[in-house]
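# What the coordinates show
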Amino acid sequence: MQLYLDTGNIDEIREIAGWGVVDGVTTNPSLLAKEAGRGDYRALLKEICDVVKGPVSAEVTAEDAEGMLRQAKSLVNISEHIVIKVPCIAEGLRATAMMFEEGIRVNMTLVFSALQAILAANAGAAYVSPFVGRLDDIGHEGVDEVEKIRAVYDNYDIDTQIIFASTRHPEHALQAALIGADICTMPAKVFRQMVKHPLTDSGIKRFLDDWSKTGFSID
Ligand code: G3P
């Protein structure tokens, strides 16, 4: 499973990408609101693309298809890595079909059902982002919806990639992998939680204590 970082924060991206585990980045307007006052948006996106060298999703804010396409064309000029996030509404589908014709890759976002995911794929989206945590928030099993999307896409050999999104905790990441999501996008916090295990920490301590008794050295 590919792992994406869900953030607009360049420091977090540099840190976690430095582990060698980040295949791409997803951003959205709310994540970017946290970066307000930290310079120019286009420069930030360029910097993210230079660090990650994989797909970087940037969201359009226009509400009509023509406006979305105009914004998309401007954003993809920043880097070949830019993927355009388009909301799953009728105008978003129309924009996705137009972008497909232009060779612009779309990540259809704010997807909450397998039915929406079918439309996204048919419009030509390269990626679909079901928001699992937000479904959980309203008492649904978000994971079940991703499982349905996987089954439907497999039924028809649809190559739209599923991005398990709105990932809130490490268990979500495990569920994403077990279901067969192509990608899981996660905040830096979840990456940090995934790497931690108390037995790893105590194991290192014990090994180092024992090593200090050997009198040997590596360097
Ligand atoms: O990738 C989508 C994500 O940014 C939304 O997450 O936690 O705001 O539901 P959240």
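For clarity, every value in this text was computed on a predicted model and none was experimentally measured.

A few words on the overall build of the protein chain. Secondary structure assignment for the protein chain yields 11 helices and 8 strands. Taken along the three principal axes of its C-alpha coordinates, the protein chain extends 70 × 40 × 30 Å. Within the span of the protein chain, comprising 219 residues, buried residues form 46% of the whole. If you take every contact in the protein chain between residues at least 6 apart in sequence, the share linking residues at least 24 apart comes to 57%. In the form shown here, the protein chain has an accessible surface area of approximately 11,400 Å², with 54% of it arising from carbon and sulfur atoms.

Next up on the list: the site of the ligand. Every residue near the ligand is listed here: Asp6, Asn28, Leu31, Phe131, Arg134, Ala165, Ser166, Arg168 and Thr185. Considering the ligand on its own, with 310 Å² of exposed area, one finds that the protein chains cover 82% of that surface. A class-by-class count of the residues in the shell around the ligand yields 3 nonpolar, 3 polar and 3 charged.

What follows is about the nonpolar core. If you look at the biggest cluster of nonpolar residues, it comprises 57 residues, and the most contacted ones within it are Ile82, Ile84 and Met99. Other than its neighbours up to four places away in sequence, Met99 contacts Met68, Leu69, Ala72, Ile84, Val86, Ile104 and Val106. Tyr4, Val83, Tyr127 and Ile183 belong to the second-largest nonpolar core, a separate cluster that totals 5 residues.

This paragraph deals with the packing of helix H5 (residues 90–102) against helix H6 (residues 114–123). Between H5 and H6, whose axes approach to 8 Å, the crossing angle comes to 30°. For the element pair H5 / H6, the angle class is roughly parallel. In contact with Leu93, Thr96, Ala97 and Phe100 of H5, H6 contributes Leu119, Ala120 and Ala123. Split by residue class, the contact of H5 with H6 holds 6 nonpolar, 1 polar and no charged.

This part is about H6. Within the span of H6, buried status applies to Ala114, Ala117, Ala120, Ala121 and Ala123. Turning to H6, the residues buried within the fold contact H5, strand E5 (106–111), strand E6 (127–130) and helix H8 (142–155). Two residues or fewer after H6 comes Gly124, characterised by a positive phi angle close to 110°.

With that out of the way, let us pick up the packing of H8 against helix H9 (residues 170–179). Contact geometry of H8 with H9 gives a least axis separation of 10 Å together with a crossing angle of 20°. Taken together, H8 and H9 sit at an angle that is classed as roughly parallel. The hand of the H8/H9 crossing is right-handed. Where H8 abuts H9, its residues Val143, Val146, Glu147 and Arg150 lie against His172, Gln175 and Ile179. Its residues assigned to classes, the contact of H8 with H9 comprises 3 nonpolar, 2 polar and 2 charged.

The next subject is a nonpolar patch on the surface. Taken together, the side chains of Trp19, Val21 and Val195 make up a nonpolar region of the molecular surface, amounting to roughly 260 Å² of accessible area. Mapped onto the fold, Trp19 is located in the loop between helix H1 (10–17) and strand E2 (24–26).

Moving on: the pairing of strand E4 (residues 82–87). Among the 6 residues of E4, 6 are classified as buried, and the element is accordingly described as predominantly covered. Residues of E4 alternate between two faces, with Ile82, Ile84 and Val86 on one and Val83, Lys85 and Pro87 on the opposite face, all of them buried. Where strand E3 (residues 56–59) lies against E4, 4 bridges are found, and the strand directions are parallel. When the sheet's bridge partners are listed, Ser57 is paired in E4 with Val83. The parallel pair E3 and E4, bridged by helix H4 (residues 65–76), forms a crossover whose chirality is right-handed. Read from E4 through H5 to E5, the crossover connection turns out right-handed.

Here is what the cut-offs are and how they apply
Residues numbered from 1 in each chain as written. Predicted model: local features only at pLDDT ≥ 70, side-chain atom pairs only at ≥ 80, totals over all residues. Heavy atoms only, no water. Helix = DSSP H or I, 4+ residues; strand = E, 2+ residues; numbered from the N terminus. Buried < 20%, exposed > 50% of the residue type's maximum accessible area, 1.4 Å probe, protein only. Contact = heavy atoms within 4.5 Å. Areas by Shrake-Rupley, 256 points an atom, 1.4 Å probe, with all protein chains shown as cover. Near = heavy atom within 4 Å. Nonpolar A, V, L, I, M, F, W, Y, C, P; charged D, E, K, R; others polar. Core = buried A, V, L, I, M, F, W, Y, C linked by side-chain atoms within 4.5 Å. Axes fitted to C-alpha atoms, helices over the stretch in contact; angles between N-to-C directions. Parallel < 35°, antiparallel > 145°, perpendicular 65-115°, else oblique. Left-handed = near helix turned anticlockwise from the far one by under 90°. Patch = residues over 30% accessible without salt bridge, like charges linked within 9 Å, V, L, I, M, F, W, Y side chains within 5 Å. Salt bridge = Lys/Arg side-chain N within 4 Å of Asp/Glu carboxyl O. Pairing = 2+ DSSP bridges. Right-handed = clockwise from strand over helix to strand, strands pointing away.

Interpretation in functional terms is not warranted from these geometric data alone.
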